[in-house]
Amino acid sequence: MRRPCEHAASSPVPPLVTRSVERRSATPRVAILNGFGRTLGDGIIGLQALHLAIRIGAIPLRPVLFRLPALPPLVQSLYQAADFIEIGTLPPSRAAPDTRFVGARDFDGVIDIRDFAFDPDFQRTSMVDFFLRRLGVAPQLVPSCLKRNTWLAPRVTAQQAACPKGYVLVCPRSSMPLRNMPDDIHHSILRQIAAVGPVVTQGAVPDGLAHKVVHAPTFTSLEQLCALVRDASWVVSTDTGMVHLADAFNVPCLAFFPTHRPEWRVRDYPRCAAIALASALPPGLEFARSVDDLAIARDAWFPRGSDLSWLEQAIEGFQTCL
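Counting restarts for each chain: residues are numbered from 1 in the order of the written sequence. Whole-chain, interface and lining totals are the exception, using all residues; otherwise, since this is a predicted model, local features are given only for residues with pLDDT of at least 70 and side-chain atom pairs are given and counted only at 80 or more. To get the side-chain values, all heavy atoms of the structure are used, and hydrogens and water are removed first.

1. Focus on the sheet that holds strand β9 (residues 253-257)
Now for step 1: Strand order in the open sheet made by the six strands is β7-β6-β5-β8-β9-β10, with parallel pairing throughout. Only two strands of the sheet have a single neighbouring strand rather than two, namely β7 (213-215) and β10 (272-276). Each strand axis lies, on average, 20° off the axis of its neighbour in the sheet, ignoring direction.
Now for step 2: Note on contacts: a residue pair is in contact if any heavy atoms of the two residues lie within 4.5 Å. Fitted lines through C-alpha atoms serve as axes, helices being fitted only where they are in contact, and the angles separating the N-to-C directions of these axes extend from 0 to 180 degrees. Only runs of H or I of at least four residues qualify as helices and only runs of E of at least two qualify as strands under DSSP, and these elements are numbered from the N terminus. Packed on one face of the sheet, helix α8 (residues 241-248) meets β5 (168-171), β8 (234-238), β9 and β10 and runs near 155° to β8. At least two DSSP bridges between two strands are needed for those strands to be called paired.

2. Notes on the sheet that holds strand β2 (residues 64-67)
Now for step 1: Reading across the sheet, the four strands line up as β3-β2-β1-β4 and stay open at both edges, with parallel pairing between neighbours. Unpaired on one side and paired on the other, β3 (86-89) and β4 (109-112) mark the two borders of the sheet. Neighbouring strand axes in the sheet, compared pairwise and without regard to direction, differ in orientation by 25° on average.
Now for step 2: In terms of strand pairing, strand β1 (residues 30-33) meets β4 through four bridges, oriented parallel. Within β4, the position partnered with A31 by the bridge is V110.

3. Description of the pairing of β1
Now for step 1: Along β1, one buried face is formed by V30 and I32 and the opposite face, lined by A31 and L33, is buried too.
Now for step 2: Classification remark: right-handed applies to a crossover when, strands pointing away from the viewer, the course from the first strand over the helix to the second runs clockwise. The parallel pair β1 and β2, bridged by helix α2 (residues 40-55), forms a crossover whose chirality is right-handed. Residue burial is assigned from relative accessible area. The probe radius is 1.4 Å, only protein chains are included, and a residue is buried under 20% of its type maximum, exposed over 50%, and partly exposed in between.

4. Considering the pattern of salt bridges
Now for step 1: Each reported salt bridge corresponds to a side-chain nitrogen of Lys or Arg within 4 Å of a carboxyl oxygen of Asp or Glu. Going through the model one piece at a time under the given rule, you end up with 19 salt bridges.
Now for step 2: Notably, a salt bridge pairs R173 with D183, separated by 3.1 Å at the nearest N-O pair. With R173 in the loop between β5 and α6 (183-194) and D183 in helix α6, the pair connects residues that are ten residues apart, well separated along the chain.
Now for step 3: Under the relative-accessibility criterion, R173 is labelled partly exposed at 36%.
Now for step 4: A residue is classified by how much of its surface remains accessible, and D183, at 41% relative accessible area, is partly exposed.

5. Notes on the packing of helix α7 (residues 222-230) against α8
Now for step 1: Between α7 and α8, the least distance of the axes is 9 Å, while the angle of their chain directions is 70°. Taken together, α7 and α8 sit at an angle that is classed as roughly perpendicular. The residues of α8 that touch α7, namely those facing L225, C226 and V229, are M242, L245 and A246.
Now for step 2: Classification used: nonpolar for Ala, Val, Leu, Ile, Met, Phe, Trp, Tyr, Cys and Pro, charged for Asp, Glu, Lys and Arg, polar for all others including Gly. A class-by-class count of the residues in the contact of α7 with α8 yields six nonpolar, no polar and no charged. Here roughly perpendicular refers to angles of 65 to 115 degrees, roughly parallel to angles under 35, roughly antiparallel to angles over 145, and oblique to all remaining angles.

6. Some remarks on the confidence of the model for the protein
Now for step 1: For the protein, the average pLDDT comes to 90, and 91% of its residues sit at 70 or higher.
Now for step 2: pLDDT expresses how confident the predictor is about each individual residue, on a scale running from 0 to 100. Note on residues 6-24: pLDDT under 50 across the span, and 35 contacts to partners over four residues away in sequence or across chains.

7. Thoughts on the environment of R148
Now for step 1: Tracing the sequence through the fold places R148 in the loop between α5 (127-134) and β5.
Now for step 2: R148 sits 119 residues away from R267 along the chain, and the two C-alpha atoms are 9.4 Å apart.
Now for step 3: Every residue in contact with R148, bar those within four places of it in the chain, is listed here: Q48, D247, N250, D268 and P270.

8. Concerning helix α3 (residues 73-81)
Now for step 1: For α3, every residue scored as buried is listed here: L74, V75, S77, L78, Y79 and A81.
Now for step 2: On its buried face, α3 is in contact with α2, β2, β3 and α7.

9. With respect to unusual backbone geometry
Peptide bonds are trans in most cases, and residues, glycine excluded, mostly fall at negative phi.
Now for step 1: The step from G35 to F36 runs through a cis peptide bond, and the omega angle for that step is 0°.
Now for step 2: Summarising the element assignment, F36 is placed in the loop between β1 and α2.
Now for step 3: The phi dihedral of N34 is positive, around 60°, even though this residue is not glycine.
Now for step 4: Within the secondary structure layout, N34 lies in the loop between β1 and α2.
Now for step 5: Under the relative-accessibility criterion, N34 is labelled buried at 12%.
Now for step 6: For A70, which is not glycine, the phi dihedral falls at a positive 60°.
Now for step 7: With respect to the secondary-structure elements, A70 resides in the loop between β2 and α3.
Now for step 8: Here A70 falls in the exposed class, since its relative accessible area comes to 77%.

Following this line, the structure appears as C-alpha cells:
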C-alpha cells in the first residue's frame, strides 16, 4: 500500500478549489498583490502554497506577483528562483489594501493579500494554511507532506559551502527583533555544542569561543545561504526563515518560538523539534508595540532566571533523537 504522499504525488490531485477565477480569455491571468510579503520565511512558505495551487489548477499558470520594490537582495533572489511565476512591481503608494490596484483590468482575477501581516488569521494559524485559503485552496484537504517546502531545493544551484560539512548551524537572529535570541542564550548554546563538534553561527562569536566557533558571513546570495543550511548536520534556531530553509533541505532543526505557537509555523515539518517559550505577550504578536514588548519577549527565554539547565536538556534531548 502506498503512503498518502506517494499516492498524492502519482495520482490526479482532487479538486481543492474553494472559489474560482472568472475566465475572460483563453489563457487566464491572475495577479497576486503583495505575494508573499517582505521576509524570507513568508516567501518560502507562500511560494510553496502557490506552487501547489498552480499544480492542482486552483491558480492558472504563471501568475503575476506584484511586489514592492527595493526589498533585500536575498528576498528578491528567492522570488527569482521561482520559475513558475512572473514578477510585477507594486508601487509603494499602492501598498495599502485600501488603495486601488490600477492594473486590475489586465487580469482575469486579482488576489489581494496586501494586508496579510496584520490579519488575525495570519497571526494565529498555520502560515501555509493561511496562504492556501487566500489562494482558493481548502487546506484541510491537502496532505501534510504536500505542505512542506519542497518547491525550493530543486531550483537552487548547488554550491560549495564556505565551511566543511557536518557542522551545527546556530541562527539567533530573526527578521523581527521580537523573536531574536538573547545573547546569553546564544552563547550558552554555542558553548554546549562547541564542546562536542564544529559550530557555525550567524550571530556574534564570544571571545572565549573564537577558536571553536565560525562566524557565518552575511549572504546576499540565495545559493550561498541554502548551501550553509544544506551542509549542516543540524540547525538550532529561533523562529525565523532559517527554520523553513532547514525543512526545504531536510535538515534536522531544533527551533524556539517566543511569540507564536509552533503548530502555526512548523506543524508539517517532520524533522523539526519545536519548543514553545512561555510568554506574557499576546499569542501571535508580529510586531513589537513598544520596548516593553521586547523586554517581555526576552523574559520568555529565562523561565528559571539565570538557570539555563532547561536549555541544556533541550539540546541534549534533541541530539539523542538524531
